[in-house]
Amino acid sequence: MSKLSDKVRTENLLMFIGMALMCTGPAFWYLMEEMLTRRTATLGPGTAATLDACIIGAALLMSLTGMAVALAGWGLSAWHAWQAVKIAGSTGENAKP
């Protein structure tokens with residue numbers, strides 16, 4: 001197995017964590033909605049509506065945070081690739097990412 005540079009490991013880590021958080025948001029929303037629908041009879045309508053809004057907000061926060069982290073990893077990857085192309089262009093060599 002080849003050894004990855006610190007740059008590539010950082011990019012991969014950011015993109016992996018971002019994708020995991022993006023998947024966590026909808027899963028969290030689904031599971032919490034299932035729990036809330038079973039408890040709606042014991043909770044009041046106002047409490048159920050408030051909990052529903054909090055669940056949606058938390059799921060959106062997870063998904064949007066994941067999107068931002070994944071985009072940061074992608075942007076870092078693009079920046080490193082651009083730097084490699086820019087350096088290779090100025091020296092006249094082939095770029096090695």
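This report concerns the structure included in the present document. (Residues numbered from 1 in each chain as written. Predicted model: local features only at pLDDT ≥ 70, side-chain atom pairs only at ≥ 80, totals over all residues. Heavy atoms only, no water.)

**Some details on the environment of F28**
Mapped onto the secondary structure, F28 falls in helix α1 (residues 6-39). Taking the relative accessible area as the measure of exposure, F28 reaches 25% and is therefore partly exposed. When the C-alpha atoms of F28 and S63 are compared, they prove to be 10.0 Å apart, with 35 residues separating the residues in sequence. Sequence-distant contacts of F28, that is, excluding residues within four places in its chain, are made with I55, A58, A59 and M62. (Helix = DSSP H or I, 4+ residues; strand = E, 2+ residues; numbered from the N terminus. Buried < 20%, exposed > 50% of the residue type's maximum accessible area, 1.4 Å probe, protein only. Contact = heavy atoms within 4.5 Å.)

**Focus on the pattern of salt bridges**
For the coordinates displayed, the defined rule picks out two salt bridges. For D6, the salt bridge identified is with R9, shortest N-O distance 2.5 Å. With a gap of three residues between them, D6 and R9 both fall in helix α1, about one helical turn apart. On the accessibility criterion, D6 (53% relative accessible area) is exposed. Of the residues examined, R9 reaches a relative accessible area of 46% and is grouped as partly exposed. For E34, the salt bridge goes to R38, with nearest N and O atoms at 3.6 Å. Of the two residues, E34 and R38 are both situated in helix α1; the distance of four residues between them amounts to about one turn of the helix. For R38, a relative accessible area of 63% puts it in the exposed group. (Salt bridge = Lys/Arg side-chain N within 4 Å of Asp/Glu carboxyl O.)

**Let's talk about the packing of α1 against helix α2 (residues 45-91)**
Direction vectors running N to C along α1 and α2 enclose 165°, while the axes themselves pass 8 Å from each other. Overall, the two elements α1 and α2 adopt an arrangement that is roughly antiparallel. Remark: the crossing between α1 and α2 carries left-handed chirality. Considering only residue class, the contact of α1 with α2 consists of 24 nonpolar, 10 polar and four charged. (Axes fitted to C-alpha atoms, helices over the stretch in contact; angles between N-to-C directions. Parallel < 35°, antiparallel > 145°, perpendicular 65-115°, else oblique. Left-handed = near helix turned anticlockwise from the far one by under 90°. Nonpolar A, V, L, I, M, F, W, Y, C, P; charged D, E, K, R; others polar.)

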